[in-house]
Amino acid sequence: MRNNIVAGNWKMNNDATQTRVLINDLNKALEEVSINCRVLISPTSINLTSAVALTQDSVIEVSAQNMHQAKSGAFTGEISAEMLKDVGVKTVILGHSERRTYFGEDDKILTEKVASALENNLEVIFCFGESLEDRKSENHFNVVESQLKNVVLSLSASSWKHIVLAYEPVWAIGTGETASPEQAQEMHAFIRSLLVDTYGSSVAEHVSILYGGSVKPTNAREIFSKEDVDGGLIGGASLKASDFTGIISAF
Ligand code: 13P
């Protein structure tokens, strides 16, 4: 069946020393618990190389938070899929709401980014989710459907071996407000139904759909217990080894 996954998105946190300390703490903490899911961390790009080295003998996998869609060229400040691969990164987060909101990443850019990542054999964690306004106006299913249709639902069925979906309602990110387990399940089941309609159930059943938005050790178990919730994309609580380990132990 599909993988359960707990992925930490560190965002713009942790310098080189803090990255080393947190990874060492996590490596130690994870030796003490039974792990029934894939575990990923996403440090800032400047610390990816050291993160890969520090997780060489660990269950932890390293992903990037972003990449540019072009192969190379005059794109000051950017990093390509090939460069990520070159330092041993195998997964990249794309479409995070912070990238969409603060850096103007729209469906067209994200389509190009996803294509470039897949061409380079990177796994993609594709993020999407509605705003508070969309939720209040009961437009959340339409918004999510168009975010998926405009970017990933036109990909080939075989691409889905390399795609993880992350539903992150914007109103729950960093706010302390979490979607209820029922709200998460309702949306995840809807997302899976879109996959079934487009690709059939054998593809749909193998796609991991993560929930993101104020997941903590105290609410992870209940959220992850829902049938179509296959794990979490964790922001704030991934920055503390004990909290992140607590969430991993929810599986
Ligand atoms: P928080 O867990 O801090 O709400 O962040 C969620 C998120 O944006 C993960 O990508």
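Preceding this section is the structure that the text describes.
All values derive from a computational prediction rather than experimental measurement.

Asker: Explanation requested: the packing of aromatic side chains in the structure shown.
Answerer: The geometry of an aromatic ring pair is captured by the separation of the ring centres together with the interplanar angle, meaning the angle of the planes. Here the structure, examined in full by the defined rule, presents 6 aromatic pairs. The interplanar angle of 25° and the centroid separation of 6.0 Å between the aromatic rings of phenylalanine 126 and phenylalanine 128 together place this pair among those described as stacked. Here phenylalanine 126 and phenylalanine 128 have matching classes, each one buried. Summarising the aromatic geometry, the rings of phenylalanine 128 and tyrosine 167 are spaced 6.3 Å apart at their centres and angled 40° between planes, so their arrangement reads as tilted. Taken as a pair, phenylalanine 128 in strand 5 (residues 123–128) and tyrosine 167 in strand 6 (residues 163–167) lie far apart in primary sequence, 39 residues in all. One aromatic cluster is present, built from ring pairs that chain together Phe126, Phe128, Tyr167 and Tyr211. One cation-aromatic arrangement involves arginine 99 over phenylalanine 103; the distance from NZ or CZ to the ring centre is 4.0 Å.

Asker: When you look at the site of the ligand in this model, what are you seeing that I'm missing?
Answerer: The full set of residues close to the ligand is Asn9, Lys11, His96, Glu168, Ala172, Ile173, Gly174, Gly213, Ser214, Leu233, Gly235 and Gly236. Measuring from an oxygen atom of the ligand, one finds a side-chain N or O atom of asparagine 9 at 3.0 Å. Within the backbone of glycine 235, one N or O atom sits 2.9 Å away from an oxygen atom of the ligand. Contact with the protein chains hides 95% of the accessible area of the ligand, taken as 310 Å² for the molecule alone. Across the shell around the ligand, the residue classes break down as 3 nonpolar, 7 polar and 2 charged.

Thresholds applied
Along each chain, numbering runs from 1 in the same order as the chain's sequence is written. For a predicted model such as this one, the threshold for reporting local features is a pLDDT of at least 70, and the threshold for listing and counting side-chain atom pairs is 80 or more; totals across whole chains, interfaces and linings nevertheless cover every residue. Hydrogen atoms and water are omitted, and side-chain values are computed over all heavy atoms in the structure. When the centres of two rings from Phe, Tyr and Trp lie within 6.5 Å, Trp using its six-membered ring, the rings pair. Their planes under 30 degrees apart give stacked, over 60 give edge-to-face, and anything left gives tilted. Throughout, exposure labels follow a simple rule: accessible area from a 1.4 Å probe, protein chains only, divided by the maximum for the residue type, with under 20% read as buried, over 50% as exposed, and the rest as partly exposed. Strands are runs of DSSP state E lasting at least two residues, helices are runs of H or I lasting at least four, and both sets are numbered from the N terminus onward. Geometrically, a charge over a ring is one whose NZ (Lys) or CZ (Arg) sits within 6 Å of the ring centre while staying within 35 degrees of the ring normal. Only heavy atoms are used to decide nearness, and a residue is near a molecule or strand if one of them lies within 4 Å of it. Polar contacts here mean pairs of N or O atoms no more than 3.5 Å apart (in protein, one a potential hydrogen donor and the other a potential acceptor; neighbouring residues in sequence count only if both atoms are side-chain atoms). Per-residue and other accessible areas follow the Shrake-Rupley method at a 1.4 Å probe size, with only the shown protein chains counted as cover for residues. Any residue that is not Ala, Val, Leu, Ile, Met, Phe, Trp, Tyr, Cys, Pro, Asp, Glu, Lys or Arg is counted as polar, Gly included; the first ten are nonpolar and the last four charged.

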